[in-house]
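The residues making up each chain are set out below.
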Amino acid sequence: MKIVINAIIAKKNAGGAFQISSNFILESLEHQDVEWYWWVSSDLDVVLGKKFAQYRDNRYFVFPTQPDFKHSYFRVRKELKKLENTIQPDLIYSITAPSYFKFSTPEVMRFTNPYITHLNKYAWSLVPFTRKIISILYHRYQKRMISKTKFFVTQSQTCKDGIIKITGVEDSHVQVVSNVLPAAYRSAERSHLLADEKWIDVACVGAPFFHKNFDLLPDVLRELHGLGIDNVRFQVTIPDDKPMFCDMLRRLEEYGIIDRVVTHGRCSQQHLIDVYRRCRFCFQPTLLEVFSASAIEAMYFQLPTVATQLPFNQEVFQDSCLYYEPKNAAAAAKQFARLIKDESLQVELCHKMEDRLAVYGNYENHFNSTKDFLIKVAQRIL
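Heads up: these notes are all about the structure in this document. Worth saying up front: this structure is predicted, and the values here are computed from it rather than measured.

### Things to note about the side chain of Gln284
Topologically, Gln284 is positioned in strand S11 (residues 281-284). Here Ser294 takes part through its side chain, which lies 3.1 Å from a polar atom of the side chain of Gln284. Excluding its chain neighbours within four sequence positions, the residues that come into contact with Gln284 are Ser292, Ser294, Ala295, Thr305, Val306, Ala307, Thr308, Asn313, Phe317 and Tyr324.

### A few points about the sheet that holds strand S5 (residues 107-110)
Pairing within the open sheet is parallel, and its seven strands lie in the order S3-S2-S1-S4-S5-S6-S7. Every other strand in the sheet has two partners, leaving strand S3 (60-63) and strand S7 (174-176) as the edge strands with one partner each. Ignoring strand direction, the axes of neighbouring strands in this sheet form an average angle of 20°. Sheet topology places strand S4 (residues 91-94) next to S5; three bridges connect them, and they run parallel. Paired with Ile92 across the bridge in S5 is Glu107.

### Let's talk about the packing of helix H14 (residues 329-341) against helix H15 (residues 343-360)
Two numbers describe a pair of packed helices, the interaxial angle and the distance between the axes. Two numbers describe how H14 lies on H15: the axes approach to 5 Å, and their chain directions differ by 100°. Between H14 and H15, the crossing angle belongs to the class labelled roughly perpendicular. Residue-level inspection shows Arg338, Leu339, Ile340 and Lys341 of H14 in contact with H15, the latter providing Glu343, Leu345, Gln346 and Leu349. A class-by-class count of the residues in the contact of H14 with H15 yields four nonpolar, one polar and three charged.

Cut-offs applied
Residues numbered from 1 in each chain as written. Predicted model: local features only at pLDDT ≥ 70, side-chain atom pairs only at ≥ 80, totals over all residues. Heavy atoms only, no water. Helix = DSSP H or I, 4+ residues; strand = E, 2+ residues; numbered from the N terminus. Polar contact = N/O pair within 3.5 Å; in protein donor to acceptor, adjacent residues only side chain to side chain. Contact = heavy atoms within 4.5 Å. Pairing = 2+ DSSP bridges. Axes fitted to C-alpha atoms, helices over the stretch in contact; angles between N-to-C directions. Parallel < 35°, antiparallel > 145°, perpendicular 65-115°, else oblique. Nonpolar A, V, L, I, M, F, W, Y, C, P; charged D, E, K, R; others polar.

All we've got here are geometric facts, nothing functional implied.
What follows is the structure in C-alpha cells.
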C-alpha cells in the first residue's frame, strides 16, 4: 500500500503543526508495513533531511514551503500532479491542511483550524477590525476547500463536531487523534528546580497569537495585587520584539509591576523544559484552541493550572484544573489566590492531572490510531 504524507505547507514558525508533522514523518520510518512517500516543505527538510537522505528524490521530495502564490505555487502544482501520476498512491494524507492543491487520489486532511470549526465570540473580539474582513473571506475560502474532502483527522471532539457541521460528512469519516506529549519530554526530568523563593513563577507558554490572550497578564497581576499577592511572576515565550510584548511592558510599567513578566522568546524544547521545571503553576488564558500542547506539558511537569472555561480546555483537563470566565482578569486572579493558599488543592489537582496524562502519554498509540484510519480509507473500508 502506498500512502503519501503531504507536509508541504509546514512552516517552522507556525506553532505546533510543524512539530507534529516532523514527529509523524519520523515515526513513519519505523512502520514499513506501508510504503510511505514524503512530500515536505523546505522548512521541514532542514529538520528531517539527513535522516531521509537514502530516500531523497525516490520517496522523499522537497518543495518550497507553500502556499507561495507569488513565486513557486504553479510550478509546485505541476510537479505534484506529475509525481501523483508516477507514484499512483492509494491515499494522500495532508498532515497540514488544507494544502491548497487538488488531487485525483483520495485525500485525508488533518484539519485543526479552530477559527473555522468552532470560533467563539471571545476570540473573535480580539481580531483587529482591519483584519476581520480579510479573516471572513479567508474563512469562507477554507470552508469551501475542506467541503470537497470526505475524510479527516483532527485532535478533539470539539473540532470534529465543527468539521461535520461544515462538511456534512459521516461521523465515521472523521477520526479524533488527541495530541500527545512530545517525544522530547517523555524522558525529561520532571522534578522542580530550586527557584528564587521570592517569586511564585507561573508558566504561560505559547506563540504570540491574538487568541492566546496574553494581553490579559498585566491585568491579572494588578488584580492579584489588590488581593495582597505581589510575588507572582509569569514566565512567557513571546519574543521581546513583538508588538504584543512591547504593549505588555508598557502596561506593566504603567501599573508599577515591570518585573512581573519574564520572556524567554522562542524556546528550544530543552529550554522550555527548564522553564517548566522552575515554575509552580501554569496559566492558560487562551480563547481558542483545538488541543494545546502546553496543556499536556503542564500535566507532565505537575503544574496546577488555571484555564479558561471553554469546551476545548474542559475536554482535555476535565476536573484537573481550575477554570475562570474568559477575558475576566479578576476571576483568573481569584482562582490563582485560591490555588496559592490551598496546598491540599494543589496536591489534589496534581493527582488528577496524572490521571489525565495517562490518556495523552503514548505516542505509539497516537501514530497507530492515525495509521489504521488511513489504511481503512485507502482500502475503501469506510
